[in-house]
Structure formats: C-alpha cells, structure tokens
Amino acid sequence: QVQLVESGGGLVQAGGSLRLSCAGSGIIFSSTGMGWYRQAPGKEREFVAAISWSGGETDYAGSVKGRFTISRDNAKNSVYLQMNSLKPQDTAVYYCAAALGSRSTVIHEYEYDNWGQGTQVTVSS
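Participant: Could you clarify how one ought to interpret the overall build of the chain in this entry?
Facilitator: When its secondary structure is counted, the chain shows zero helices and 11 strands. In the chain, the succession of helices and strands from N to C terminus is β-β-β-β-β-β-β-β-β-β-β. In terms of overall size, the chain behaves like a compact globule, its C-alpha atoms giving a radius of gyration of 13 Å where 125 residues would be expected to give roughly 14 Å. With the C-alpha coordinates of the chain rotated into their principal frame, the extents come out at 40 × 25 × 25 Å. Counting only residues that meet the buried cut, the chain has 44% of its 125 residues in that class. If you take every contact in the chain between residues at least 6 apart in sequence, the share linking residues at least 24 apart comes to 60%. As presented, the chain carries roughly 6100 Å² of accessible surface, and 46% of it is formed by carbon and sulfur atoms. Side-chain charges in the chain split into 10 positive and 10 negative, and the spacing between the mean points of these groups amounts to 7 Å.

About the thresholds
Residues numbered from 1 in each chain as written. Predicted model: local features only at pLDDT ≥ 70, side-chain atom pairs only at ≥ 80, totals over all residues. Heavy atoms only, no water. Helix = DSSP H or I, 4+ residues; strand = E, 2+ residues; numbered from the N terminus. Rg over C-alpha atoms; globule rule 2.2 N^0.38 Å. Buried < 20%, exposed > 50% of the residue type's maximum accessible area, 1.4 Å probe, protein only. Contact = heavy atoms within 4.5 Å. Areas by Shrake-Rupley, 256 points an atom, 1.4 Å probe, with all protein chains shown as cover. Lys, Arg positive; Asp, Glu negative; His and termini not counted. Charge placed at Lys NZ, Arg CZ, Asp CG, Glu CD.

So this is what it looks like as structure tokens:
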C-alpha cells in the first residue's frame, strides 16, 4: 500500500521560511518521480515543483522559482520543499505526489499516481 505523509506546514509571516517534508512508503522510492502541488481556497490545484528520481533534475512553477527548492533523500524515502521569502499568495494546502516508475521530472498532474493528504501553509501579511 502506497502512503505519502506530508509534514512541516504551519503559520508564518511574509518573508519567512518553511520546510515541508514528505515521507513515502510502499513504493520503490528511488524509481519514482516526485512532485509538490498546492491548492488555495477556491482555486484549482496547481503544480509547484518536481524532481527526478536521482534528484539531478528539477522543475519549478514560475511563481516559486528562485524562492522554493525541492530536494530528496532516497535513503530516507523522503522529498522536501524548502520555501523561502514566503508571500501571502503562497497560502494553500500543499500536497506531495508520486509518479511511479518515472525517472524524470513530472509536471502534469494526471501523470501522478499517488497523493498525500496535504499540509496547510498559511502566510500572514
């Protein structure tokens, strides 16, 4: 059974930082493309960042490029999202996702097979 569990969300002031973690189980993590998405109230879920199986390739949404960094530790079956210079518009529920068997970065939502339950990030102005 595949399980993805996010943690690290919370309330932070604008300009602050948070680090999200996602722990995976039930999958061959080192053969899985991983990604982060977010969904703000009243909006559709949107792509944030993706990382290849080795960590050698990454992709970012334009709105977070230069502020967010995705990384992974295959030995710990974990993927991370370091978020710096946070803005109120970054407020959303953040989800990690796994694209089973994909070794490259995956940016299309339909290509992801499994999703975590989400963690709330709230950025106050």
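After that view of the structure, there is still more to cover.
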